[in-house]
Amino acid sequence: MPIVRLGSEGCWTNYHGTGTCEAATRFALRSGDAERGRDEIAIAAGSVQDWLGDAAAAQRRVRPLGAGWSPSNINVASQCWLLHTRRFNRCFGIDAADVRPGVDASGLMLVEAGALVDEVSDKLEQQGRSLWTSGAGNGQTFAGAAATGTHGSMIASGGIQDHVRALQIVTPAGVHWVEPAAGVMNDAFIAGTGSTLLRDDDVFAAAQLPVGALGIVTALVVDSVPKFLVRPIQNLRKVNRAALGWLATGDFRRFSAAYALDRDPDFVQMIVNPYKPFKRPAMLRFLYREPWRDDYPRATPGQLGAGYDALSLLGRLLDDYPWARGALLQFAMKLGYASGPDVDAPAVYGSWGEGLDTHRPLADLFNASVTIDRADLARVFELICGVYARHGGSTVVTLRFMSRAQGLLAPARFPHNAVIDFDGPRSERTAAAYARVVERLDAEGIAFTRHWAKSCNLDGARVATDYGEDFRRWRAARDRLLPDPAHRALFGSEVLDGLGLTC
Amino acid sequence: MMWVGWALAALLFLVLFGQYLAGQADIFVSIANPRPLDEESMVVVLKGWGFAAHAAQPFVTPESDHGLCDVRVFATRRQTLVSLASFGFLRPVTVAWRAHAGVFPLGDA
Ligand SMILES: Cc1cc2nc3c(=O)[nH]c(=O)nc-3n(C[C@H](O)[C@H](O)[C@H](O)COP(=O)(O)OP(=O)(O)OC[C@H]3O[C@@H](n4cnc5c(N)ncnc54)[C@H](O)[C@@H]3O)c2cc1C
């Protein structure tokens, strides 16, 4: 039996400690030892469907859990049945005989929903392949990361959900294999997974970013690119105000030439101190993609510049000494970051996966963000920093870039996006300062969206306006997957109901 | 002579304050490529300056058949204060760990 009950009814708290499921009954979905992946997920999906039936009979709502990393509490529901998925984590290579004619199987992998992004990355690299983007950390589950549109700062890429080519989703009424109308896997393979085929572009685009509201995702077909190397450059530099204009117009080459290498960068990230962002040095990170070669000198994730967690350690000090915030933040930036390889240091290289780290819980974090049209960047960035600092925001402000991402509910919905993150130690003052930023953007009439996973205080009315026609299509797709309102309610929670996703 | 006393008192205070801050530091040990499950924790009280140790609950971790990914040892502010106030006789610390989810070889779909 792939599902086991864990202990007796009790509380479960998410990773950031932002929410607790009271009176939760915990279950774990575990991988089995079936020889073929399709048999394994057929068995698991059957068990999940039975489990959903049992939950409905017990009049309990359900909540699937990945790594529990989302601080927006979309992973929290009380008096419910929780399904932990991290031990459902096998990965399987896909053969050319399993896909439809014309589909290239060489980059595809079948992934059980609970496999961590790190695990998927490792397994792809073993086969000479790689993810083309992911978040700053890689300790999320693949299904959980895709569920919220997790992204990094690869300029020409969208979100992690863009890797998903097909999914298996379990609802109380059935086990569905969802893929785009053009199809990916062949009918014999899909039959082997015990699923009913649903080939539809809208349902697929909804399921690529389901926010945990469309059923339980048990498996995903993940696409990849040939493995590549990245060369990181990381430094602390005072950034000229004019450089924001280059970034806004997509002239990343000029930005890179001014602060790192005179080459087209693939990844650009800028972390500023919102207290005087152009007077104090910013932490810059660039990645330059290069063809794979086996004999590159190996470096540790630290040498490759992974993580900037030292920032969270100053949390209490920042809250306790508001007058020293600017200086303390700058001190933390220096402590946490200056060690990366600068332009004149010997070059270090790593694969995509080697440059990322699974996060270690050092302190309570606050995560929030706004995604804007990159063209608005020069106009609003300073304004955002000013409002945030004036109201006591105690985190650094990070600027990342990405292209339009797939999925009807992808927050990165502008052709070119600038994502402004507020990541650091958690405090009420910081949350209030972020709320002022949102108010100010609204007052200025600037279009923006917010991250599903972060503490962004979204509500149903706002989701409907932000996503417009795409939200209507997402709900129509949801109603095809879950036509019975009772089944939709089974996946409800205070937060998801409030966002208008489950009711 | 008076100032020597004050200087000594100030020094002792700084020594104690340093212990108070350092006592709350995290000691974190992790394996190289972790695949962690949820964090579990328990409080262990060292008694009599370390002659005896007592855990508030037995070391039970529901999903540890693949071993542990990482272990953290730290004291909260309150635990550090208890330790200082009892002259170190009681030394409560929190031990937190995350079990490993397991790694399987790549299979065939
Ligand atoms: C340290 C840290 C760094 C981060 N860095 C970034 C970053 O760089 N970029 C970024 O965009 N985000 C980032 N995030 C946010 C993070 O990527 C998201 O919160 C992500 O959704 C977490 O994945 P998870 O596996 O923990 O999912 P959870 O938080 O457990 O779940 C997220 C949602 O998905 C649902 N879900 C999970 N598994 C399933 C399943 N199998 N079937 C159906 N629904 C499911 C849950 O019910 C919930 O609604 C970061 C978070 C942390 C803590």
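Just so it is clear, the model here is predicted, and its values are computed rather than measured.

1. Here's the deal with the overall build of chain A
- Across its full length, chain A carries 15 helices and 20 strands.
- The C-alpha radius of gyration of chain A comes to 22 Å, within 12% of the 23 Å expected for a compact globule of 503 residues.
- Viewed in the frame of its principal axes, chain A has a C-alpha envelope of about 60 × 50 × 40 Å.
- Out of the 503 residues belonging to chain A, those deemed buried represent 64%.
- Of the contacts made within chain A by residues no fewer than 6 positions apart, 74% connect residues no fewer than 24 positions apart.
- Accessible area of chain A: about 17,400 Å², with a carbon and sulfur share of 51%.
- Placing the 54 positive and 55 negative side-chain charges of chain A at their respective mean positions leaves the two points 5 Å apart.

2. Digging into the packing of aromatic side chains
- Applying the stated rule across the entire model yields 18 aromatic pairs over all chains.
- With a centroid separation of 6.1 Å and 10° between ring planes, the pair formed by Phe-13 of chain B and Phe-17 of chain B is classed as stacked. In this pair, Phe-13 of chain B and Phe-17 of chain B are both assigned in helix H1 (residues 2–23), four residues apart and thus about one turn of the helix distant.
- One aromatic cluster in this structure is built from Phe-255, Tyr-259, Phe-286 and Tyr-288 of chain A.
- The ring of Phe-267 of chain A has Arg-285 of chain A lying over it, and the distance from NZ or CZ to the ring centre is 5.8 Å.
- Between Arg-289 of chain A and the ring centre of Phe-228 of chain A, over which it is positioned, the NZ or CZ distance is 3.9 Å.

3. Re the site of the ligand
Residues and elements named next belong to chain A.
- In the vicinity of the ligand, 35 residues are found, and the nearest of them are Arg-63, Pro-64, Ser-70, Ala-136 and His-451.
- In the environment of the ligand, an oxygen atom lies 2.9 Å from a nitrogen or oxygen atom belonging to the side chain of Gln-140.
- Between the ligand and Gly-144 there is a distance of 2.8 Å, counted from an oxygen atom to a backbone nitrogen or oxygen.
- Contact with the protein chains removes 97% of the 970 Å² of surface that the ligand exposes when unbound.
- Mapped by element, the contributors of at least two residues to the shell around the ligand are strand S3 (61–65), helix H3 (142–148) and strand S11 (216–222).
- Among the elements that take part in the shell around the ligand, H3 stands out by supplying five residues, more than any other.
- Per-class residue counts for the shell around the ligand are 15 nonpolar, 17 polar and three charged.
- Formed jointly, the shell around the ligand draws a minimum of three residues from each of two domains, domain 1 (3–226 + 473–498) and domain 2 (228–449).

4. Quick word on empty space enclosed by the protein
Residues and elements named next belong to chain A.
- Taken as a whole and assessed by the stated rule, the structure comprises two cavities of 30 Å³ or more.
- Computed from the structure, the second largest cavity encloses a volume of approximately 60 Å³.
- Around the second largest cavity, the lining residues are Gly-149, His-151, Ser-369, Thr-371, Met-402, Pro-411, Ala-412, Val-419 and His-451.
- Taken together, the residues of the lining of the second largest cavity sort by class into four nonpolar, five polar and no charged.

5. Considering the pairing of strand S6 (residues 109–112) of chain A
All names here are of chain A.
- Every second residue of S6 is oriented toward a common face, with Met-109 and Val-111 on one face and Leu-110 and Glu-112 on the other, all of them buried.
- When strand S5 (residues 91–93) meets S6, the two strands line up antiparallel, connected through three bridges. When the bridges of S6 are listed, Cys-91 appears paired with Val-111.
- With four bridges connecting them, S6 and S11 associate as antiparallel partners.

6. Thoughts on the nonpolar core
Residues and elements named next belong to chain A.
- One finds Leu-110, Phe-142, Trp-452 and Leu-501 to be the most contacted residues of the largest nonpolar core, which totals 94 residues.
- At seven residues, the largest contribution of residues to this core is made by helix H1 (residues 37–57).
- Among the domains, domain 1 (3–226 + 473–498) and domain 2 (228–449) are the pair contributing at least three residues each to this core.
- Excluding anything up to four places from it in sequence, Phe-142 contacts Val-111, Ala-113, Ala-115, Val-117, Val-120, Leu-131, Ile-160, His-163, Val-164, Leu-220 and Val-222.
- Of all hydrophobic cores here, the second largest spans 46 residues; its members include Phe-252, Val-272, Ala-282 and Cys-456.

7. Structural notes on the state of the cysteines
- A full pass over the atoms with the stated rule returns zero disulfides over all chains.
- Lacking any disulfide linkage, Cys-80 of chain A is separated from the closest cysteine sulfur, that of Cys-21 of chain A, by 5.1 Å.

8. Things to note about unusual backbone geometry
- Backbone geometry at Gln-59 of chain A places phi at a positive 55°, although glycine is not the residue there.
- Looking at where Gln-59 of chain A falls in the secondary structure, it is placed in the loop between H1 and S3.
- In this structure Gln-59 of chain A comes out as exposed when scored by relative accessible area, which is 72%.
- One non-glycine residue, Phe-87 of chain B, adopts positive backbone phi at about 55°.
- Within the secondary structure, Phe-87 of chain B is located in the loop between helix H2 (77–85) and strand S5 (90–100).

9. Here we look at the domain arrangement of chain A
Residue and element names in this part refer to chain A.
- Domain annotation of chain A identifies domain 1 (3–226 + 473–498) and domain 2 (228–449).
- For domain 1 and domain 2, the distance between their C-alpha centres works out to 29 Å.
- If you look at the interface, domain 1 gives 41 residues, while domain 2 gives 36 residues.
- For the pair domain 1 and domain 2, the summed buried area comes to about 3,100 Å², and 57% of that belongs to carbon and sulfur atoms.
- Of all residues in domain 1, Ser-153, Met-154 and Ile-155 bury the most surface against domain 2, accounting for 23% of the area lost on that side.
- On inspection of domain 1 and its partner domain 2, the count reaches zero salt bridges.
- For the pair domain 1 and domain 2, the interface holds 15 residue pairs in polar contact (both at pLDDT 80 or more).
- When contributions to the side of domain 1 that touches domain 2 are tallied by element, the ones reaching two or more residues are helix H2 (117–126), helix H5 (201–208), strand S12 (225–226) and helix H13 (460–481).

What counts and how
- Residues numbered from 1 in each chain as written.
- Chains lettered and ligands numbered in written order.
- Predicted model: local features only at pLDDT ≥ 70, side-chain atom pairs only at ≥ 80, totals over all residues.
- Heavy atoms only, no water.
- Helix = DSSP H or I, 4+ residues; strand = E, 2+ residues; numbered from the N terminus.
- Rg over C-alpha atoms; globule rule 2.2 N^0.38 Å.
- Buried < 20%, exposed > 50% of the residue type's maximum accessible area, 1.4 Å probe, protein only.
- Contact = heavy atoms within 4.5 Å.
- Areas by Shrake-Rupley, 256 points an atom, 1.4 Å probe, with all protein chains shown as cover.
- Lys, Arg positive; Asp, Glu negative; His and termini not counted.
- Charge placed at Lys NZ, Arg CZ, Asp CG, Glu CD.
- Phe/Tyr/Trp six-rings, centres within 6.5 Å; stacked < 30°, edge-to-face > 60°.
- Lys NZ or Arg CZ within 6 Å of the ring centre and 35° of its normal.
- Near = heavy atom within 4 Å.
- Polar contact = N/O pair within 3.5 Å; in protein donor to acceptor, adjacent residues only side chain to side chain.
- Nonpolar A, V, L, I, M, F, W, Y, C, P; charged D, E, K, R; others polar.
- Domains from an automatic or database assignment.
- 1 Å grid on protein atoms, 1.4 Å probe; cavity = no way out; pocket = protein on both sides within 12 Å on 5 of 7 lines; lining within 4 Å.
- Points joined across faces, edges and corners; volume = space filled by probe spheres on them.
- Pairing = 2+ DSSP bridges.
- Core = buried A, V, L, I, M, F, W, Y, C linked by side-chain atoms within 4.5 Å.
- Disulfide = S-S within 2.5 Å.
- Buried area = accessible area lost by both parts, 1.4 Å probe.
- Salt bridge = Lys/Arg side-chain N within 4 Å of Asp/Glu carboxyl O.

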